Amino acid sequence: MAAYTPMIQQYLKIKAEYKDAFLFFRLGDFYEMFFEDAINASQVLEITLTSRDGGSEERIPMCGVPHHSAAGYIEQLIDKGYKVAICEQTEDPKQAKGVVRREVVQLITPGTVMDGKAIEEKENNYIASVTVSDARIGLALTDLTTGENLTAFIPTFHDLLNEIYSVGAKEIVISENFSKEWEKQLKDRCQVTFSYEEETKITSEFSILIEEIKDECLQQTVARLIHYLKRTQKRSLDHLQAVQLYELDETLKIDFFSKKNLELTETIRAKGKKGSLIWLLDETKTAMGARLLKQWIDKPLVSEKKIEERLNMVETFIGHYFEREDFRTLLKEVYDLERLAGRVAFGNVNARDLNQLKKSLEQVPEIKELIESLNSDYSKSIAKRLDPCEELTSILGQAIVEEPPLTIKEGNIIKDGYSGKLDEYRYISRNGKQWIAELEQQERQKTGIKSLKIGYNRVFGYYIEVTRANLHLLAEGQYERKQTLTNAERFVTPDLKEKESLILEAEEKIVGLEYDLFVELREKVKTFIPRLQELAKLLSELDVLQCFATVSEKRHYTKPSFSKAGELFIKDGRHPVVEKVMDAQEYVPNDCTMSEYRNILLITGPNMSGKSTYMRQIALTAILAQIGCFVPAEEASLPIFDQIFTRIGAADDLISGQSTFMVEMLEAKNAIVHATGRSLILFDEIGRGTSTYDGMALAQAMIEYIHEHIGAKTLFSTHYHELTVLEAELKTLKNVHVQAIEEHGKVVFLHKIEEGAADKSYGIHVAELAELPDVLIARAKEILDHFESESKKETPVTEVVKETKEPEAQLSFFTEEPVKQKASQPSKKEQAILEQLKSINLLEMTPLDAMNELYQLQKKLK
Ligand code: ADP
């Protein structure tokens, strides 16, 4: 077999080190890919697959992208979770002996990408690393765009899944020995990319970052991540901030099922922001603020002191409307300082960025004064820490022109007066040009040729142009012919040549010097990175707090208080998002009282009456309070919850291949296993996904379990009316219902929560609203009447509940075993048909399906 050409051999050698990445191999003006990479990339990027001779018998598959438009292709690959290794020519091809030297200069991955589409302005882009040591799980997180570093111990793998999902990490760096089962679950659940790094000893360069971290497992986890970043990014990481240790139980835990269900940052159906809590809340003015808002929503607080600190500042902002509005206007001019600091360290800022930095810093003195004037302890302490970095503002002001170009390599960046050397070159260049303008005048006078002009082009430099008709007017021997055009000739003179070389030399020097001065300036900005990061933190915090104040005032929210005894009392509470969407006047506010003696509310009421809206509104109110925002209610006194669990809605978990019912049970289990007496549980229609008896039995057992063993505040909505009798048995369970009335035979939902159990289900009324055929509805009513009259003949409800210790006895209540002797009782066959009828979910059927179903049932009866 023939050997590969030296270049392909070079390619293969480099590729061997980057097996899990697309290798973008620089060849002239293109990045080329070969072999498998070419085949895969041509499919993913939809670009043409070609081939080339590489010395072997078969041609080598190849595809490529022009280097100037590579960014878009790289983004597409990163967005799909791939990695891209950028391999550049690292010597001048003209100087190269043999194959041009090439090296990978950066590995771009989903967790390390610094710009482009993959980076959401309003979201952090975290890369994680995980280390398991002595059965303990260490987690480290870095956002390379902002330099933020975090680390924490994670108690269980379940918590790790939650945490990775919740922070939205895109990539996880682990050891090759990491559990394959965990890796699979993380991949399935959180769609992350995996990378491997074995080095876990911190180098001296970075040891300062982990000074505060004493635990060895965490130190190793951080070190693994930093080594990976250093190895792949191959550039300065000066913007990395000291690692902050956090603990999961310092925040309100909401697992990923519940976060999804409560639609905190995206909606379940559309998977977009619109309709989520963050959509409602985001009145931030800076991208940094928006990112912090998301972090706060992801991690509500549990420390009353910290919550009160935020709430008080929100209150202060509400009380100072004009100052707040001025502050919002000033914030509009504040650029993303955090990401800018990252780009400064990475070496990819331009002069416009630095001008925006200057503009941002110019706002700080006024912001400082304004925050100081708010006159609260908290605002004063923040104001004191706001650092306008005046030296930096002044250097930038002196150095950079008002409207610099995007590129930093073509000059026109630096102001006159900033550098003596630059001024000198500019003097030569400008003077030279002046001299040329004067020469043009002199030559016209000397020769009498009015149309004579002096021009410039890249090939011939400066020239004197004379039209053909005037050539005879030129003195012999003084002008050297350079170029002949159709109608004119171009000449140079020794004087012109001399000036030209001075001007050109000066211009070349100007461009070079401007670039050097810019890089020097960038290095100077680098030294301000820690101060800029601190400033960014304070400004983003203030931004989120003004955002809370703005929303709270606009939507008439109220400041919550916290009850020591764990009581929950909400007067006229509203669902923040539904209220916004539907128009505040239409929304029916509801109270909620849960004291020591009312831990479980069993909520009954027709479908569509507002049960799940009510439950969600309680959870969202608790979350809003614990992130430090006012709440949608007239009055609210709340416990500080440690965890919130929900089982709401019926979203199939297709990714992990689990059925609706399995998801329902997993979510329920999660709550039952992890909830404590300080938690909030929302169970919406548990047991719906299985047969009636099955479902009801499970629902009752869960309620009893929560009552006996957990004592969490629980809202339990159900369509099993039979469960309402539990009130008599379980001390802290109370029935409430959503009121509905019948008007002219039609159901009207009042959306009002009342004490006690609902009188009936109104299922048929809802079917009527859904406009099922009249005959069908009439027949359903007939069947229901019959069914109800029969059921009245059964054992009284309370007696059954008393017998709950005997499961068989309980089931007998639900007429599973009809009393055979009674002639009026339906036969077993009829009973089965009735059961079938009962379990029909009319709301999920088309009218035609319903007719068919009824027809089949009738046929069985005949
Ligand atoms: P359920 O859980 O009882 O089936 P939902 O909570 O899904 O009912 O509510 C159904 C619809 O009723 C909601 O989409 C909303 O439009 C409306 N709704 C619910 N609660 C209220 C309320 N308090 N005020 C006004 N409309 C409401």
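If you're wondering where the values come from, they're calculated on a predicted model, not measured in any experiment.

Draft legend 1. Main features of the overall build of the protein. Helices and strands together make up the secondary structure of the protein, namely 29 helices and 27 strands. For the protein, the proportion of its 862 residues judged to be buried stands at 51%. Of the roughly 41000 Å² of accessible surface on the protein, a fraction of 51% belongs to carbon and sulfur atoms. Averaging the positions of the 110 positive and the 140 negative side-chain charges in the protein gives two centres separated by 3 Å.

Draft legend 2. A look at the site of the ligand. With respect to spatial proximity, 14 residues lie near the ligand, and among them Val588, Met608, Lys611, Ser612 and Thr613 are the closest. Note that an oxygen atom of the ligand is positioned 3.2 Å from one of the backbone N or O atoms of Ser609. Taking His751, its side chain carries an N or O atom lying 3.5 Å from a nitrogen atom of the ligand. No other element matches the three residues that helix 21 (residues 611-627) contributes to the shell around the ligand. The class makeup of the residues in the shell around the ligand is five nonpolar, seven polar and two charged.

Draft legend 3. The domain arrangement of the protein, seen in detail. Taken domain by domain, the protein comprises domain 1 (6-108), domain 2 (126-250), domain 3 (303-389 + 528-554), domain 4 (420-509), domain 5 (561-784) and domain 6 (827-862). Taking the mean C-alpha position of each, domain 2 and domain 3 sit 29 Å from one another. Summed over both partners, the interface of domain 2 with domain 3 comes to about 940 Å²; 52% of that surface belongs to carbon and sulfur atoms. Taken together, the connections running from domain 2 to domain 3 amount to zero salt bridges. On inspection of domain 2 and its partner domain 3, the count reaches five residue pairs in polar contact (both at pLDDT 80 or more).

Draft legend 4. Just the sheet that holds strand 5 (residues 84-89), in detail. If you walk across this open sheet you meet the six strands as 3-4-2-1-5-6, and the pairing is mixed. Each end of this open sheet is capped by a strand with a single partner; those strands are strand 3 (50-52) and strand 6 (102-108). Averaged over all pairs of adjacent strands, the angle between their axes in this sheet comes to 35°, without regard to strand direction. Strand direction decides the pairing type here: strand 1 (residues 22-27) and strand 5, joined by four bridges, are parallel. Note on strand 5: the bridge partner recorded for Phe25 is Cys87. Across the sheet, helix 2 (residues 35-45) is in contact with strand 1, strand 2 (30-34) and strand 4 (60-66); its angle to strand 4 comes to roughly 55°. Set on the sheet, helix 3 (residues 70-79) makes contact with strand 1, strand 2, strand 4, strand 5 and strand 6; between it and strand 5 the angle comes to about 155°.

Draft legend 5. Local environment of the sheet that holds strand 26 (residues 733-743). Read across the sheet, seven strands follow the order 13-23-24-25-21-26-27 without closing on themselves; strand pairing throughout is mixed. The sheet is open, and its two borders are formed by strand 13 (253-254) and strand 27 (746-755), each paired with just one other strand. Of the pairings in the sheet, the one linking strand 21 (residues 600-604) to strand 26 comprises five bridges and is parallel in character. From the neighbouring strand, Thr604 faces strand 26, where its bridge partner is His737. Across the sheet, helix 21 lies against strand 13, strand 21, strand 23 (643-647), strand 24 (680-684), strand 25 (713-717), strand 26 and strand 27, angled at about 160° from strand 24, the strand it touches most. Contacts from helix 22 (residues 660-674) reach strand 23 and strand 24, with the element oriented near 155° to strand 23.

Draft legend 6. The arrangement of the UniProt feature "domain: DNA mismatch repair proteins mutS family" (unreviewed entry) in the protein in detail. In the numbering used here, UniProt assigns the feature "domain: DNA mismatch repair proteins mutS family" (unreviewed entry) to residues 679-695. With 24% helix and 29% strand, residues 679-695 has end C-alpha atoms that lie 24 Å from one another.

Draft legend 7. Representation of a nonpolar patch on the surface in the model. A cluster of nonpolar side chains, namely Tyr427, Ile428 and Leu502, defines an oily patch on the protein surface of about 280 Å² accessible area. Counting through the fold element by element, Ile428 comes out in helix 17 (residues 420-447). Look at Ile428 and you get partly exposed, because its relative accessible area is 31%.

Draft legend 8. Molecular detail of the confidence of the model for the protein. Per-residue confidence for the protein gives a mean pLDDT of 88, with 94% of residues at or over 70. Confidence over residues 651-655 falls short of pLDDT 50; this stretch has eleven contacts with residues more than four positions distant or in other chains. Confidence drops under a pLDDT of 50 for residues 795-823, and excluding neighbours within four residues, the segment shows 29 contacts in the predicted structure.

Draft legend 9. Spatial organisation of the pairing of strand 2. Within strand 2, four of the five residues are buried, which leaves the element mostly enclosed by the surrounding structure. Here strand 1 pairs with strand 2 via three bridges, running antiparallel. The partner of Leu27 across the bridge, within strand 2, is Phe30. As paired elements, strand 2 and strand 4 share five bridges and run antiparallel to each other. The residue bridging Phe30 from the neighbouring strand is Pro66, located in strand 4.

Draft legend 10. Representation of the pairing of strand 14 (residues 453-457) in the model. The pairing of strand 14 with strand 15 (residues 461-467) spans five bridges and is antiparallel. Residue pairing across strands places Tyr456 opposite Tyr462, the latter belonging to strand 15. Linkage of strand 14 to strand 15, two consecutive antiparallel strands, is achieved through a turn of three residues.

Draft legend 11. Representation of the nonpolar core in the model. Core analysis: the biggest nonpolar cluster contains 110 residues, and Leu281, Leu357, Ile371, Leu386 and Phe548 have the highest contact counts within it. Among the elements that take part in this core, helix 19 (residues 529-554) stands out by supplying 13 residues, more than any other. If we skip the residues at most four places from it in the chain, Phe548 touches Leu281, Leu293, Trp296, Val314, Ile627, Gly628 and Cys629. Core analysis: the second largest hydrophobic core is formed by 34 residues, Ala21, Leu107, Met114 and Phe346 among them.

Draft legend 12. Broad picture of the UniProt feature "binding site: ATP" (unreviewed entry) in the protein. This chain's UniProt record puts "binding site: ATP" (unreviewed entry) on Gly605, Pro606, Asn607, Met608, Ser609, Gly610, Lys611 and Ser612. By the element assignment, Gly610 lies in the loop between strand 21 and helix 21. With near-sequence residues (within four places) excluded, Gly610 lies in contact with Val738 and His751. Note on placement: Ser612 falls in helix 21.

Draft legend 13. Structural detail: the pattern of salt bridges. For the coordinates displayed, the defined rule picks out 48 salt bridges. For the salt bridge of Asp387 with Arg531, the shortest nitrogen-to-oxygen distance reads 2.8 Å. With Asp387 in the loop between helix 15 (377-385) and helix 16 (390-399) and Arg531 in helix 19, the pair connects residues that are 144 residues apart, well separated along the chain. In this structure, the salt-bridge partner of Lys421 is Glu424, at a minimum N-O distance of 3.8 Å. With Lys421 and Glu424 both in helix 17, this residue pair falls three residues apart, about one helical turn. Among the residues examined, Lys421 registers a relative accessible area of 45% and is labelled partly exposed. Taking the relative accessible area as the measure of exposure, Glu424 reaches 46% and is therefore partly exposed.

The rules we used
Residues numbered from 1 in each chain as written. Predicted model: local features only at pLDDT ≥ 70, side-chain atom pairs only at ≥ 80, totals over all residues. Heavy atoms only, no water. Helix = DSSP H or I, 4+ residues; strand = E, 2+ residues; numbered from the N terminus. Buried < 20%, exposed > 50% of the residue type's maximum accessible area, 1.4 Å probe, protein only. Areas by Shrake-Rupley, 256 points an atom, 1.4 Å probe, with all protein chains shown as cover. Lys, Arg positive; Asp, Glu negative; His and termini not counted. Charge placed at Lys NZ, Arg CZ, Asp CG, Glu CD. Near = heavy atom within 4 Å. Polar contact = N/O pair within 3.5 Å; in protein donor to acceptor, adjacent residues only side chain to side chain. Nonpolar A, V, L, I, M, F, W, Y, C, P; charged D, E, K, R; others polar. Domains from an automatic or database assignment. Buried area = accessible area lost by both parts, 1.4 Å probe. Salt bridge = Lys/Arg side-chain N within 4 Å of Asp/Glu carboxyl O. Pairing = 2+ DSSP bridges. Axes fitted to C-alpha atoms, helices over the stretch in contact; angles between N-to-C directions. Contact = heavy atoms within 4.5 Å. UniProt positions renumbered as here; feature names shortened; annotations may be inferred. Patch = residues over 30% accessible without salt bridge, like charges linked within 9 Å, V, L, I, M, F, W, Y side chains within 5 Å. pLDDT = per-residue confidence, 0-100. Core = buried A, V, L, I, M, F, W, Y, C linked by side-chain atoms within 4.5 Å.

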